[in-house]
Amino acid sequence: MESELRGLAVVTPSYAPDSVLCRDLNRSVLRWTPQDVQHHIIVPRQDLPVFRMLANDRTIIHDHEEFLSAAIRRLPLLNMWINKRRPWPPVRGWITQQLIKLSVAATLDVEAVLLVDSDMVFVSPIDLKSFQQEGSLALYRQPGAVHSGLPRHRQWLESAHALLGLDRPGPEDLTDYICWPCAWKPETVRAMLRRVEDVTGTPWQSAIASQLQFSEMMLYGAYVDGVLGGSPAMTSSMNSVLYSAEAPLQLAEVSALLNSAAGAVQAVMISAKSGIPYEVRAKALQDYTESRTGSLSGGIR
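Predicted model only: the values in this text are computed from it and were never measured.

Next up on the list: the overall build of the protein. Secondary structure assignment for the protein yields nine helices and 17 strands. Here the C-alpha radius of gyration of the protein, 19 Å, is about what a compact globule of 301 residues would show, namely 19 Å. For the C-alpha atoms alone, the extent of the protein along its principal axes is close to 55 × 45 × 40 Å. Classification of the 301 residues of the protein by burial places 52% in the buried group. Pairs at least 24 residues apart make up 74% of the contacts formed inside the protein by residues separated by at least 6 positions.

Residue P181 is bonded to the preceding W180 through a cis peptide linkage, with omega at -10°. Although it is not a glycine, E134 sits at a positive phi angle of roughly 50°. By the element assignment, E134 lies in the loop between β9 (132–133) and β10 (136–137). On the basis of relative accessible area, E134 is assigned to the exposed category, the value being 86%. Look at N239: it is not a glycine, yet its phi comes out positive at around 55°. The exposure class of N239 is partly exposed, given its relative accessible area of 25%.

Counted under the stated rule, the structure contains one aromatic pair. Taken together, a centroid distance of 5.1 Å and an interplanar angle of 15° make the contact between W184 and Y220 stacked. Of this pair, W184 sits in strand β14 (residues 182–184) while Y220 sits in helix α7 (residues 216–226), placing them 36 residues apart in sequence. Here W184 falls in the buried class, since its relative accessible area comes to 1%.

A few words now on the environment of R92. Among the secondary structure elements, R92 is positioned in strand β6 (residues 91–92). R92 gets classed as partly exposed once you look at its relative accessible area, which sits at 43%. If we skip the residues at most four places from it in the chain, R92 touches N79 and M80.

In this section: the sheet that holds strand β7 (residues 110–115). Strand order in the open sheet formed by five strands is β3-β2-β1-β7-β14, and the pairing between neighbours is mixed. Looking along the sheet, the strands with just one partner apiece sit at the ends: β3 (59–63) and β14. With direction set aside, neighbouring strand axes in the sheet form an average angle of 25°. Of the pairings in the sheet, the one linking strand β1 (residues 6–13) to strand β2 (residues 38–43) comprises five bridges and is parallel in character. Its bridge partner lying in β2, A9 is registered against Q38.

One open sheet accounts for three strands, arranged β4-β5-β6; its pairing is antiparallel. Strands at the two margins of the open sheet, each flanked by one partner only, are β4 (72–74) and β6.

As a further point, take the nonpolar core. Core analysis: the largest hydrophobic core is formed by 51 residues, its most contacted members being L102, W184, V189, M192, I208 and L219. Ignoring any residue separated from it by four or fewer positions in sequence, one finds M192 in contact with L102, L164, L219, Y220 and Y223. Counting residues in each nonpolar core, the second largest holds 18 residues, with L8, V10, L25 and L128 among its members.

On to the side chain of H40. Its location among the elements puts H40 in strand β2. Polar side-chain contacts of H40 include one of 2.9 Å to the side chain of H62. The contacts of H40, once residues within four sequence positions are left out, are A9, V10, V11, T12, I60, H62 and L108.

What counts and how
Residues numbered from 1 in each chain as written. Predicted model: local features only at pLDDT ≥ 70, side-chain atom pairs only at ≥ 80, totals over all residues. Heavy atoms only, no water. Helix = DSSP H or I, 4+ residues; strand = E, 2+ residues; numbered from the N terminus. Rg over C-alpha atoms; globule rule 2.2 N^0.38 Å. Buried < 20%, exposed > 50% of the residue type's maximum accessible area, 1.4 Å probe, protein only. Contact = heavy atoms within 4.5 Å. Phe/Tyr/Trp six-rings, centres within 6.5 Å; stacked < 30°, edge-to-face > 60°. Pairing = 2+ DSSP bridges. Axes fitted to C-alpha atoms, helices over the stretch in contact; angles between N-to-C directions. Core = buried A, V, L, I, M, F, W, Y, C linked by side-chain atoms within 4.5 Å. Polar contact = N/O pair within 3.5 Å; in protein donor to acceptor, adjacent residues only side chain to side chain.

Right under this line is the structure:
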């Protein structure tokens, strides 16, 4: 029964170049979440030795092939994959990463899965209730946020609608469902993937791998709104500080960004592609965390 499930699990696909960032994320998960929360880190087989040092009773390191079907196979020496059911074009690595997120989320026996990339850290206590309203998991949605300046977001929604058998989105501004971190109900993910298979007549991994443009968060949001008729709880706040620009910042600039955040900040995402040196990132996060907690021992190290 639902009441007997673990409350929350954190899921992070990663790989060797992000291992230091993932280590910091993992430390923040262990520090700021309840003792029954496990952090599932999924990495390529060749990177398992890099991540094994993190393994413990709350940190589970997985080979990503555990979550990919036999139809999805990697091309040697490339971050591309082949979908045997549709060999051309090859499957981009970022699409494969989304297949893994969906597969892990559908597999876990918990009330909610929290998708968190390696370049995020938590900076305050979180638990299942942090993502609920009156006992219901809140769906992140921003109506009208997908405008003409975000053509790729529109393509992601169009792909989601096609996979789900929904009408093609109209010309108006559309709802955005992309957020960091992202909370899903595993039972909803399982039902969503069954819907994809029913609509496409194809195993869901192959159906999604055949898409040239795809967002797992858009698929989930479109399913909840378009198929289930909406969520009993919704939010337009991520409670996070986000920096996704591919432009480096100095320490003072990162600190100013963090300290200017309003409201309840639970997590910080500083893109791994930003070019910000690790030492700058780590110092800014440590100072920010300590200023919030009043503890001299609580930063990211």
